[in-house]
Amino acid sequence: MTDATSSGGATPRHSSSLLTQDARTLKRNAAESRFRAYGLSAVVIAMLALVFLLGSILHNGSSAFRQTFITLDVYLDPAKLDKKGTGNAEEIRKVTTFGYAPLIAASFEKLFEEEGIGVEGISAKKAGDLISKEGAADLRRFVHEDTTRVGETVSFSFLASGRIDGFFKGRVTMESAERDSNVSPAQLMLAEQLKEAGHLKTSWNWGFLTMADASENRPEAAGLGVAILGSFYMMIVVLVLSLPIGVAASIYLEEFAPKNWITDIIEVNISNLAAVPSIVFGILGLAIFINFAGLPQSAPIVGGLVLTLMTLPTIIIATRASLKAVPPSIRDAALGVGASKMQAVFHHVLPLAAPGILTGTIIGLAQALGETAPLLLIGMVAFVREFPAAPPEGFFDPASALPVQVYNWTQRADPAFVERASGAIIVLLVFLLIMNAIAIVLRRRFERRW
Amino acid sequence: MYDAPNLGAKVEQKTNKIEANGVQVYYGDTHAIKDVSVAIESNTVTAFIGPSGCGKSTFLRCLNRMNDTIDICRIEGDIRLDGEDIYDKRVDPVQLRAKVGMVFQKPNPFPKSIYDNIAYGPRIHGLAKSKADLDEIVEKSLRRGAIWNEVKDRLHEPGTGLSGGQQQRLCIARAIATEPEVLLMDEPCSALDPIATAQVEELIDELRAQYSVVIVTHSMQQAARVSQKTAFFHLGHLVEYDNTSTIFTNPRDERTESYITGRIG
Ligand SMILES: Nc1ncnc2c1ncn2[C@@H]1O[C@H](COP(=O)(O)OP(=O)(O)OP(=O)(O)O)[C@@H](O)[C@H]1O
Ligand SMILES: [Mg+2]
């Protein structure tokens, strides 16, 4: 209508030069460039937020993958480990972790004598505190495996205690050590001497990925092993249950079910389920799987079942959308040459919908992988030191999960756990990246088959 | 009433392959086909003509129950193939469609290779015993569809990569690969050049020896060239059904006359 008035006005648009822009064009172009500016700034803000988030996580968490180790030659003194001198393996195994601490102290004593290392006021026993409490336990485990080695001198790489590790990562300083009951400035000085002498090194820490969680006062020994395994088991359960059920349900609803009010209600309910807060699924899982069905608490099978319930709506919605996107003419073509409905769906429609289904499934799995709230309710927040067994029994053993481990570590007092939690987030993000990469690769593969 | 076997000049004995009586089709509240009765003879090409939207495609789709896939579509009346009611409860539409093949108005090749497009029908019906058999069926169908020369070197490239006209011929070849008894063709030449059109028309004429062919067309010349019988549809009614020569030289209804002379449509 504005066109009509302007072209009917005194100056007809056709007569103006193409080299100058008229008022309407100027206005439209201005509106367009404003819109571009809004869009661009939105993208920039989002990118900045992302960069900041990733940057801070990487900054805090990357140090979790490096750990300070102290290497000592330990003399497995028969006088301490095998007091009766019988060499009996059973007798040797009876020695408690506590009995191994003097061996470490003795190693330090020898070190002080031979290399002239030492700080005033630090006895060999106090120097032993530089080493994680896990150190003596490691030593004991070593002897347990092969009791014949008692009497030998073994070079051992111990985890340094959390405070010493923190000192080399800049978390602990001489000033903070003054006020700290767990570490003294003198111990830090000794640590520096050890470093100069080459006994103390900071290096890559596989233990962070393979070890189980550790208690509050030994952050240096805490690892993600049980959590990674638990999350992995749960993803298997989720994938095995939700993909076939979800795809079958969607195919039925989309291609076979009569369109009536019952299917309408089901459709609305599925959409609503996708929006139900995840903690509600946790309560449901607690009531049904643990209280009613009697499955064990903290087990990956229960976590997997709860996450399956959560993932199903996502998968069903994605699958139905991609089935809907397949042009109806393809179905007509198949039916036209005498294919049955099922043949039309499985030979023609499903292959075309596969990329969308896969993407939906992996997005659902990724969501499930990062889900914490429902797992807290079914007891997966428990402190688990034991690795679950291999499947299928392992599905019923207590385990932890990655996001829950993050949550757990952020609750702890020792600042060393902040680094650990950020490191766990990095691991979680890496898993998500891998899953997305798989989704992209599978998509490409299927799309190339038209 | 339109059935006038005595008027035909041909001597050969013709039977009615498909008989439709009092067919009504509704799309929801739209009444698309209004009381249509028609008898389609064996070994005959029957042309459906009429202005756009008059219900030609709709009626054609009733003949192999493709309208079953449209939820809002409702059909009344009875349609018989070789004397058997195709809308009987015991009839499996899949079996019916194997006998009554269809070429759709819009070309719809499968997003698979050209070879697989043709081979799909014979495969699911078990028409080929060996790979060599199947190769032969594919080649024969593509030749009859007048497209063999253009695709023989690219049988394993996607059928969707062909031009519109090539896709149309591919769909024709796909439809005849399953050896149907009746072939329904909805504007099979709408995107073809005169040469390909002539080839397809030749094919239609050739198919007549064994099958019945029903063809929807907007080209009066084509209807006159290939068909023996012509049905003129208008606003859902079957206005006139007779020998093609009669329709084009001596139509009884004035709407038919106006349409074929180009005054309505
Ligand atoms: N799927 C459908 N849903 C609702 N109405 C439909 C549907 N298909 C066709 N119709 C209606 O039925 C009537 C007949 O359509 P039809 O496709 O049979 O026409 P046609 O004669 O084939 O036209 P054309 O020559 O343009 O192909 C039209 O009024 C159309 O709007
Ligand atoms: Mg049509």
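This brings us to the overall build of chain A. Scanning chain A from terminus to terminus reveals 20 helices and 3 strands. A globule of 450 residues ought to have a C-alpha radius of gyration of about 22 Å, yet chain A, at 32 Å, is considerably larger. Dimensions of chain A, computed from the C-alpha atoms along their principal axes, are close to 105 × 65 × 40 Å. In chain A, which comprises 450 residues, the proportion classed as buried is 43%. The long-range share in chain A, meaning contacts at least 24 apart out of those at least 6 apart in sequence, stands at 77%. Summing over all exposed atoms, chain A offers an accessible surface of approximately 23600 Å²; the carbon and sulfur share of this is 64%. For chain A, the centre of its 39 positive side-chain charges and the centre of its 40 negative side-chain charges are spaced 10 Å apart.

This brings us to the pairing of strand β4 (residues 73-81) of chain B. Residue and element names in this part refer to chain B. Inspection of the sheet shows strand β1 (residues 16-27) paired to β4 by 8 bridges, in the antiparallel sense. The residue bridging Tyr26 from the neighbouring strand is Arg74, located in β4. Between β4 and strand β5 (residues 84-85), which follow one another and run antiparallel, lie 2 residues, and Asp82 among them has a positive phi close to 50 degrees.

Residues and elements named next belong to chain B. Around ligand 1 sit 14 residues in total, of which Ser52, Lys56, Ser57, Thr58 and His218 are the nearest. A distance of 3.3 Å is found between an oxygen atom of ligand 1 and a backbone nitrogen or oxygen belonging to Cys54. Contact distances for ligand 1 include 2.5 Å between an oxygen atom and a side-chain N or O atom of Ser57. The protein chains hide 65% of the 630 Å² of surface that ligand 1 would expose on its own. For the shell around ligand 1, the element with the most residues is helix α1 (residues 56-63), which contributes 3 residues.

Residues and elements named next belong to chain A. The interhelical angle for the contact between helix α19 (residues 402-410) and helix α20 (residues 416-447), taken along N-to-C directions, is 165 degrees, at an axis separation of 8 Å. Considering the angle they form, α19 stands roughly antiparallel to α20. In terms of crossing hand, the pair formed by α19 and α20 is left-handed. Contacts from Leu402, Pro403, Val406, Trp409 and Thr410 in α19 reach Phe417, Arg420, Ala421, Ala424, Ile425, Val427, Leu428 and Phe431 in α20. Among the residues making up the contact of α19 with α20, the classes are represented as 11 nonpolar, 1 polar and 1 charged.

Okay, the coordination of the magnesium ion (ligand 2) next. Residues and elements named next belong to chain B. Within the first shell, the magnesium ion (ligand 2) binds the protein through Ser57 (OG) and Gln105 (OE1), at distances of 1.9 to 2.2 Å. Of this pair, Ser57 sits in helix α1 while Gln105 is found in the loop between β6 (100-103) and α3 (114-125), placing the two residues 48 residues apart along the sequence. On the basis of relative accessible area, Gln105 is assigned to the partly exposed category, the value being 36%.

This next bit is on the packing of helix α15 (residues 300-324) of chain A against helix α17 (residues 341-369) of chain A. Residues and elements named next belong to chain A. At a closest axis distance of 8 Å, the pairing of α15 and α17 adopts a crossing angle of 150 degrees. Judged by the angle between their axes, α15 and α17 are roughly antiparallel. At the point where α15 passes α17, the crossing takes the right-handed sense. Counting all contacts with α15, which are made through Leu307, Thr311, Thr314, Ile315, Ala318, Thr319, Ser322 and Leu323, the residues of α17 involved are Val349, Leu350, Ala353, Gly356, Ile357, Gly360, Thr361, Gly364, Leu365, Gln367 and Ala368. Grouping the constituent residues of the contact of α15 with α17 by class yields 10 nonpolar, 9 polar and no charged.

Residues and elements named next belong to chain A. A cluster of acidic residues, Asp73, Glu109, Glu113, Glu114 and Glu115, forms a negative patch at the surface. When residues of the negative patch are assigned to their parent elements, the largest contribution, 4 residues, is made by helix α5 (residues 101-115). Mapped onto the secondary structure, Glu114 falls in helix α5. When its relative accessible area of 59% is taken as the criterion, Glu114 is described as exposed.

By a widespread convention, an interface's size corresponds to the accessible area lost as its parts come together. On the side of chain B, 24 residues touch chain A, which itself brings 18 residues to the contact. Of the roughly 1700 Å² buried at the junction of chain A and chain B (both faces included), carbon and sulfur atoms supply 65%. On the surface where chain A and chain B come into contact, there are 1 salt bridge. For the salt bridge of Asp332(A) with Arg61(B), the shortest nitrogen-to-oxygen distance reads 3.9 Å. The interface formed by chain A and chain B contains 5 residue pairs in polar contact (both at pLDDT 80 or more). Taken together, the elements giving at least two residues each to the side of chain A that touches chain B come down to α16 (328-336) and α17 of chain A.

With that settled, the discussion passes to the sheet that holds strand β7 (residues 182-186) of chain B. All names here are of chain B. Sheet architecture is open: 6 strands sit in the order β6-β7-β8-β3-β9-β10, paired in mixed fashion. Edge positions in the sheet fall to β6 and β10 (237-243), since each has one partner strand and no second. Neighbouring strand axes in the sheet, compared pairwise and without regard to direction, differ in orientation by 15 degrees on average. Strands in contact with α1 are β3 (45-49), β6, β7, β8 (212-216) and β9 (229-234); relative to β7, the strand with the most contacts, it is inclined by about 155 degrees. Each of β3, β7 and β8 is contacted by helix α7 (residues 194-207), which is oriented at about 145 degrees to β8, the strand it contacts most.

Bringing the packing of aromatic side chains into the picture now. Residues and elements named next belong to chain A. Summed over the entire model, instances satisfying the criterion amount to 16 aromatic pairs over all chains. Look at Phe167 and Phe168: their rings are 5.2 Å apart centre to centre, the planes differ by 65 degrees, and that puts the pair in the edge-to-face class. Grouping aromatic residues by their ring pairs yields a cluster made of Phe65, Trp204, Trp206, Phe208, Trp409 and Phe417. A cation over a ring is seen here: Arg412 above Phe417, with NZ or CZ 4.9 Å from the ring centre.

Moving on to the domain arrangement of chain A. All names here are of chain A. For chain A, the assigned domains are domain 1 (66-205) and domain 2 (225-446). The interface is formed by 7 residues belonging to domain 1 together with 6 residues belonging to domain 2. For the pair domain 1 and domain 2, the summed buried area comes to about 430 Å², and 28% of that belongs to carbon and sulfur atoms. When the area that domain 1 buries against domain 2 is broken down by residue, the three leading residues are Gln67, Arg163 and Arg171, summing to 67%. At the junction of domain 1 with domain 2, the criterion picks out 4 salt bridges. Notably, a salt bridge pairs Glu419 with Arg171, separated by 2.8 Å at the nearest N-O pair. The tally of links from domain 1 across to domain 2 stands at 4 residue pairs in polar contact (both at pLDDT 80 or more). The residue inventory of the side of domain 1 that touches domain 2, partitioned by class, reads no nonpolar, 2 polar and 5 charged.

Strand-to-strand pairing in sheets goes through backbone hydrogen bonds, with the strands running parallel or antiparallel. With antiparallel pairing, the 4 strands of this open sheet are ordered in space as β2-β1-β4-β5 (chain B). The strands lining the two open edges of the sheet, one partner per strand, are β2 (30-41) and β5 of chain B.

Residues and elements named next belong to chain A. Summarising the element assignment, Ala106 is placed in helix α5. Here Ala106 falls in the partly exposed class, since its relative accessible area comes to 40%. Between the alpha carbons of Ala106 and Phe35 there is a distance of 74 Å; along the sequence they are 71 residues apart.

So, on to the pairing of β9(B). Successive residues of a regular strand alternate their side chains across the two faces of the sheet. Residue and element names in this part refer to chain B. Along β9, 6 of the 6 residues are buried, which leaves the element largely enclosed by surrounding structure. Side chains of β9 alternate between two faces, with Lys229, Ala231 and Phe233 and Thr230, Phe232 and His234 buried alike. In this structure, the hairpin formed by β9 and β10 is closed by a connection of 2 residues, where Leu235 is found at a positive phi of approximately 50 degrees.

Conventions adopted
Residues numbered from 1 in each chain as written. Chains lettered and ligands numbered in written order. Predicted model: local features only at pLDDT ≥ 70, side-chain atom pairs only at ≥ 80, totals over all residues. Heavy atoms only, no water. Helix = DSSP H or I, 4+ residues; strand = E, 2+ residues; numbered from the N terminus. Rg over C-alpha atoms; globule rule 2.2 N^0.38 Å. Buried < 20%, exposed > 50% of the residue type's maximum accessible area, 1.4 Å probe, protein only. Contact = heavy atoms within 4.5 Å. Areas by Shrake-Rupley, 256 points an atom, 1.4 Å probe, with all protein chains shown as cover. Lys, Arg positive; Asp, Glu negative; His and termini not counted. Charge placed at Lys NZ, Arg CZ, Asp CG, Glu CD. Pairing = 2+ DSSP bridges. Near = heavy atom within 4 Å. Polar contact = N/O pair within 3.5 Å; in protein donor to acceptor, adjacent residues only side chain to side chain. Axes fitted to C-alpha atoms, helices over the stretch in contact; angles between N-to-C directions. Parallel < 35°, antiparallel > 145°, perpendicular 65-115°, else oblique. Left-handed = near helix turned anticlockwise from the far one by under 90°. Nonpolar A, V, L, I, M, F, W, Y, C, P; charged D, E, K, R; others polar. Donors = N, O, S within 2.8 Å, 3.2 Å for Na, K, Ca; no water. Patch = residues over 30% accessible without salt bridge, like charges linked within 9 Å, V, L, I, M, F, W, Y side chains within 5 Å. Salt bridge = Lys/Arg side-chain N within 4 Å of Asp/Glu carboxyl O. Buried area = accessible area lost by both parts, 1.4 Å probe. Phe/Tyr/Trp six-rings, centres within 6.5 Å; stacked < 30°, edge-to-face > 60°. Lys NZ or Arg CZ within 6 Å of the ring centre and 35° of its normal. Domains from an automatic or database assignment.

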